[in-house]
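Breakdown of the fold
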Amino acid sequence: MPGVVIVGAQWGDEGKGKITDLLAERATMIVRFQGGNNAGHTIVREGKEYKFHLIPSGILHSQKTCVIGNGVVVDPRVLLGEIDNLKRAGISVANLRISANAHLIMPYHVLLDQAGETKLGKLSIGTTRRGIGPCYADKALRLGIRVQDLLDEKILRTKIRAALEPKQQALRELGVQRRKQRKEAGEDAKAAPEGSTAGGPDPRLDLHAMVEDHINFGHRLEPHIADTAKLCWDALDDDETVIFEGAQATLLDLDHGTYPFVTSSNPIAGAATVGAGVGPTDITEVWGIAKAYATRVGAGPFPTELEDETGERMVERGHEFGTTTGRRRRCGWMDLVALRYAVRLNRMDSLAITKLDVLSGLGPLRVAVRYRSKEGAVLDSFPYHQSILHSATPEYEELPGFEEEIGDCREEADLPQAARDYLAYISDFVKVPIRLVGVGPDREQTIRIDA
Ligand code: IMP
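Definitions and limits used
Residues numbered from 1 in each chain as written. Predicted model: local features only at pLDDT ≥ 70, side-chain atom pairs only at ≥ 80, totals over all residues. Heavy atoms only, no water. Helix = DSSP H or I, 4+ residues; strand = E, 2+ residues; numbered from the N terminus. Rg over C-alpha atoms; globule rule 2.2 N^0.38 Å. Buried < 20%, exposed > 50% of the residue type's maximum accessible area, 1.4 Å probe, protein only. Areas by Shrake-Rupley, 256 points an atom, 1.4 Å probe, with all protein chains shown as cover. pLDDT = per-residue confidence, 0-100. Contact = heavy atoms within 4.5 Å. Domains from an automatic or database assignment. Buried area = accessible area lost by both parts, 1.4 Å probe. Salt bridge = Lys/Arg side-chain N within 4 Å of Asp/Glu carboxyl O. Polar contact = N/O pair within 3.5 Å; in protein donor to acceptor, adjacent residues only side chain to side chain. Phe/Tyr/Trp six-rings, centres within 6.5 Å; stacked < 30°, edge-to-face > 60°. Near = heavy atom within 4 Å. 1 Å grid on protein atoms, 1.4 Å probe; cavity = no way out; pocket = protein on both sides within 12 Å on 5 of 7 lines; lining within 4 Å. Points joined across faces, edges and corners; volume = space filled by probe spheres on them. Core = buried A, V, L, I, M, F, W, Y, C linked by side-chain atoms within 4.5 Å. Nonpolar A, V, L, I, M, F, W, Y, C, P; charged D, E, K, R; others polar.

We now examine the overall build of the protein chain. Counting its regular elements, the protein chain contains 13 helices and 20 strands. Relative to the 2.2 N^0.38 estimate, which gives 22 Å for 451 residues, the radius of gyration of the protein chain is 23 Å and therefore close to what a compact globule would have. Here the C-alpha coordinates of the protein chain stretch approximately 65 × 55 × 40 Å along the principal axes. Here the protein chain holds 451 residues, and 57% of them are scored as buried. For the protein chain, the accessible area works out to roughly 19,400 Å², and carbon and sulfur atoms hold 50% of it.

Once that is clear, we can look at the confidence of the model for the protein chain. Residues of the protein chain with pLDDT of at least 70 account for 95%, and the chain-wide mean is 92. When the criterion is pLDDT under 50, residues 192–199 qualifies, and its contacts beyond four places in sequence or with other chains add up to 24 contacts.

Next up on the list: the domain arrangement of the protein chain. Split by domain assignment, the protein chain resolves into domain 1 (3–100 + 227–448) and domain 2 (103–222). Averaged C-alpha coordinates put domain 1 and domain 2 at centres separated by 31 Å. If you look at the interface, domain 1 gives 31 residues, while domain 2 gives 25 residues. Here domain 1 packs against domain 2, burying approximately 2,300 Å² in sum over the two surfaces, 60% of which is carbon and sulfur. Three residues, Val-73, Arg-77 and Leu-80, lead the burial of domain 1 against domain 2; their summed loss comes to 25% of the area buried on that side. Across the contact surface, domain 1 and domain 2 share 2 salt bridges. At the junction of domain 1 with domain 2, the criterion picks out 9 residue pairs in polar contact (both at pLDDT 80 or more). Of all the secondary structure elements, the ones that give two or more residues to the side of domain 1 that touches domain 2 are β6 (73–74), α2 (76–88) and β7 (96–99). Ranked by residues supplied to the side of domain 1 that touches domain 2, first place goes to α2 with 6 residues.

So, on to the packing of aromatic side chains. One pass over the full model with this rule turns up 4 aromatic pairs. Relative to Phe-302, the ring of Trp-11 lies with its centre 5.1 Å away and its plane at 55°, an arrangement referred to as tilted. Residue Trp-11 is found in the loop between β1 (3–8) and α1 (16–23), and its partner Phe-302 is found in the loop between β12 (294–296) and α10 (309–318); the two are separated by 291 residues along the sequence. The exposure class of Trp-11 is buried, given its relative accessible area of 3%. Ring centres of Tyr-341 and Phe-382 lie 4.5 Å apart, and the angle between their planes is 20°; on these two criteria the pair is classed as stacked. Linking Tyr-341 in helix α11 (residues 336–346) with Phe-382 in the loop between β17 (378–379) and α12 (386–391), this pair joins segments that are 41 residues apart in sequence. Residue classification places Tyr-341 among the partly exposed positions, given a relative accessible area of 23%. Three or more aromatic residues link up through ring pairs in this structure, and these residues are Tyr-341, Tyr-371 and Phe-382.

Around the ligand, the structure places 15 residues, and the nearest of them are Asp-13, Asn-38, Thr-128, Thr-263 and Arg-327. Within the side chain of Asp-13, an N or O atom sits 3.0 Å from a nitrogen atom of the ligand. The separation between an oxygen atom of the ligand and a polar side-chain atom of Asn-38 is 2.9 Å. Out of a free accessible area of 470 Å², the ligand has 96% covered by protein chains. Counting contributing residues, the shell around the ligand receives three or more from each of domain 1 (3–100 + 227–448) and domain 2 (103–222).

This part covers the environment of Ile-434. With respect to the secondary-structure elements, Ile-434 resides in strand β19 (residues 434–438). Take Ile-434: its relative accessible area is 8%, and that puts it in the buried class.

This brings us to the layout of surface pockets. The calculated volume of the second largest pocket comes to roughly 240 Å³. Gly-71, Tyr-136, Lys-139, Asn-266 and Val-274 are the residues nearest the centre of the second largest pocket, which is lined by 14 residues in total. Only α4 (132–141) and α9 (271–276) provide two or more residues apiece to the lining of the second largest pocket. Looking at the lining of the second largest pocket, you find at least three residues from each of domain 1 (3–100 + 227–448) and domain 2 (103–222).

As a further point, take the nonpolar core. By size, the foremost hydrophobic cluster in this structure holds 60 residues, and its most contacted members are Phe-244, Leu-356, Leu-359 and Tyr-422. The element contributing the most residues to this core is helix α13 (residues 417–430), with 7 residues. Beyond its immediate stretch of four places on either side in the chain, Leu-359 contacts Ala-292, Tyr-293, Met-314, Leu-365, Phe-402 and Tyr-422. Listed in part, the 43 residues of the second largest apolar core include Phe-52, Ile-83, Ala-163 and Met-210.

Here the focus is unusual backbone geometry. Across the junction of Tyr-259 and Pro-260, the peptide omega takes the value 5°, indicating a cis bond. Look at His-319: it is not a glycine, yet its phi comes out positive at around 45°. Within the fold, His-319 resides in the loop between α10 and β13 (330–332). The class of His-319 is exposed, set by a relative accessible area of 62%.

Inspection of every chain in the model, using the stated rule, returns 2 cavities of 30 Å³ or more. Considering only enclosed or pocket space, the largest cavity measures out at about 40 Å³ in volume. Lining the largest cavity, in full, are Ala-9, Gln-10, Trp-11, Leu-251, Ala-294, Met-334, Asp-335, Ala-338 and Leu-339. Of the residues assigned to the lining of the largest cavity, the class counts are 7 nonpolar, 1 polar and 1 charged. Computed from the structure, the second largest cavity encloses a volume of approximately 40 Å³. Together, Gly-58, Ile-59, His-61, Ser-62, Lys-64, Cys-66, Ser-92 and Asn-95 line the second largest cavity. Residues that form the lining of the second largest cavity fall into these classes: 2 nonpolar, 5 polar and 1 charged.

Here's what the structure looks like:
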């Protein structure tokens, strides 16, 4: 009953999709257990690029069951768009299963997320504006709409009405704000009648239209809706390998990340049990994925951030722009204090280091091995107090860099000695074996290292 969890070890975008795709070779089922279409996985296969936001990366393997677990928040429009794209590319989605208990991102969640970010201005978290936070908030408030509700019009209508009720004021304010913006932009403000919740006859917020749209979504999704926890149990009980694929990453975890600059779910390994419906002892292996350097999108503390030419070169060489929002990612040196924290939180037993090729030609390589607080205290572990982290400065170990392009290396022995030493340093520091190394975007550009 091998249950393998794959999690991001940093602030996301570590290349989990590619590693999941590789590890999926030995699995029969791939399950996503949290997050929504704030995630973005890019997989390059034989030079062709595939981008996913919701559908598990394993979908490219036609014989494997891909599951969207109960812990995921699903925007049905986005999901149907991905299904259509895959079908157009000739990829079967017959093995896609969606938990009946997963919550739906509704149009008002997206609007509220966008409005919240605008209102907070400079202090904003920098969310992906996909409605993730408001959807999880409704789930906790027991005002959420679930996938199974798409199959019953009466229940759907009642639940949407109940969910809209406490949001009227916020949605009205949003309407006023939008009317003002349209006026300033010289558009016809009269087109938006007073009292309209969205500042215009916004069909996205009309109850009847919303119910009708969602019933249609339900018709289309029905063949995929299932009791996905039971599917996982059956596979695990039959001794099949199930991969639980996390989105986002450890330092964006709602409880253990750099709150409030985090996402609204738990991307750590322990959450796979809740988000898929399996027990802790079903998990037999935990893989952490880390880039050979560090990146972060959106606001929040990032001790090793580089705002210089080296950081700029990381952006360029690593194409560090978000799959979901296209935003430029902040880049910096590998932070081993944060990585060691992530290793322990997830109890990782294997690491994959991705994008090692990006470091070639960057000169001597630095890795943060401790922080120093504003008051001068040495911090060997990740500080629990956010204010300390905000003002902590990293102290680095400098390691020799390498000039060679390494995209064609396929074995550890092919790598320049400096690259091998760099990997060995990371592995020794966090005490976890590195078993996969990415040297380019294609799935073939991977080095497997036997533990
Ligand atoms: P949300 O998940 O859209 O609410 O955004 C909350 C924070 O998580 C923001 O800083 C986002 O930039 C970040 N975030 C969410 N999803 C991802 C991801 O897939 N990769 C990297 N950062 C993400």
